[in-house]
Amino acid sequence: MKTIPIGNTDIMITPVGMGVLTIGNTQLNLPLAEGAKIVRYAYDKGIRLFDTAQFYETYSYIREAFRDIDMSSNNPDRPVIASKSLVLSYGEMEDAIQECLEVLDIETIDIFKLHEVREDPDFDERAGAWQCLLDYKEKGIVRAIGVSTHNVDVVNRMADIPDCDIVFPLINYAGLGIRRGPGPGTADEMAAAIRNCLDNGKTVFGMKAFGGGNLTGSYMKALNYVRDTGVQTMMIGFGKKSEIDDIVNYAEGKLPEDYQPEVSFKKIRIDQGDCEGCGACIEKCESRAIFRNELGLADVDHDKCLTCGYCAPVCPVRAIIMW
């Protein structure tokens, strides 16, 4: 698979990357050995970019998968690791970086980001954490920095931040999970913001091309839309080797335009790590398949669920997924 550099760095990434959230404890919760095999299979198939986060608690999978690989920057074929943290302050971000380095048993981390900057003002409120990223980049411990976000305004803001190397927005053709200000945004608005970042020399990763799995039934349409926004890489979550085979074949132009994977086994689920218990999906579900569990969060009764997906667009935090 071809590789491209991040900005003016020597960090080389592939046009598709693996989001390691899917195998972790908030979704598939795979055993360590099984999850590590999925990560390693993606690497062996040519994927060289792996995105995780402090919040995901998936560092152990990555360490196990790459235990026999030289992870030093001198190895041009090593996997590129990207992580991120939700923290606000300088000290908290410093701890997050150190945790990442220690658990992964590496001396430097390729990419570290502010995780899920929700609105434009949030970036300023996390000035301490951002300054820590700047300082650690200056030290050479973090090689590139940026933000992940679901918000159009934040993406446009990052276009004007000179020290921001990477912008990692949520983008899919249906606009699932896209925000603008405190309310919903559209796919067209996010696509324009992505172009703004690209025009200003940013490297842009795209997340949630399948809208948390809800758009997998339109496989080629979903991938083509995100690809055509100009993002340098699409980050996809995998739970099976066959899903990796599909995305690698797509990246290499080997899939026909009418290709459609089998999705009849997929079920609507609610990520308990993301759900905020707002109740919007409960109100939307006409089959009364969604309920509040003992934690006060939304959950799904699969005996009632019709897998219509009508609940997904109303979730403000993209907690409704399908796998």
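Structure shown above.
Engineer: Explanation requested: the packing of helix α1 (residues 32–44) against helix α9 (residues 241–251) in the structure shown.
Structural biologist: Packed helix pairs are specified by the crossing angle of their axes together with the interaxial distance, meaning the distance between the axes. In the contact formed by α1 and α9, the axes pass within 10 Å of each other and the chain directions differ by 20 degrees. Of the possible angle classes, the one that applies to α1 and α9 is roughly parallel. The interaxial crossing formed by α1 with α9 has right-handed handedness. Contacts between α1 and α9 involve Ile38, Tyr41 and Ala42 from the former and Lys241, Ile244 and Asp245 from the latter. In the contact of α1 with α9, the residues fall into 4 nonpolar, no polar and 2 charged.

Engineer: Can you walk me through the packing of aromatic side chains in this structure?
Structural biologist: Each aromatic ring pair is summarised here by two numbers: the centre-to-centre distance and the angle between the ring planes. Applying the stated criterion across every chain, the model contains 6 aromatic pairs. Between Tyr43 and Phe66, the aromatic rings sit 5.6 Å apart at their centres with planes inclined by 65 degrees, giving edge-to-face as the arrangement. Here Phe66 lies in the loop between α2 (59–65) and β5 (80–85) and Tyr43 lies in helix α1, a separation of 23 residues in the sequence. Judged by its relative accessible area of 8%, Tyr43 falls in the buried class.

Engineer: It is not clear to me how the packing of helix α8 (residues 219–228) against α9 should be interpreted in this structure. Could you clarify?
Structural biologist: Contact pair α8 / α9: the axes reach a minimum separation of 12 Å and the direction vectors enclose 50 degrees. With respect to each other, α8 and α9 are oriented oblique. For the pair α8 and α9, the sense of crossing is right-handed. Taken together, the residues of α9 that come into contact with α8 (itself represented by Tyr219, Met220, Leu223, Asn224 and Arg227) are Asp246, Ile247 and Tyr250.

Reading the values: rules and limits
Residues numbered from 1 in each chain as written. Predicted model: local features only at pLDDT ≥ 70, side-chain atom pairs only at ≥ 80, totals over all residues. Heavy atoms only, no water. Axes fitted to C-alpha atoms, helices over the stretch in contact; angles between N-to-C directions. Helix = DSSP H or I, 4+ residues; strand = E, 2+ residues; numbered from the N terminus. Parallel < 35°, antiparallel > 145°, perpendicular 65-115°, else oblique. Left-handed = near helix turned anticlockwise from the far one by under 90°. Contact = heavy atoms within 4.5 Å. Nonpolar A, V, L, I, M, F, W, Y, C, P; charged D, E, K, R; others polar. Phe/Tyr/Trp six-rings, centres within 6.5 Å; stacked < 30°, edge-to-face > 60°. Buried < 20%, exposed > 50% of the residue type's maximum accessible area, 1.4 Å probe, protein only.

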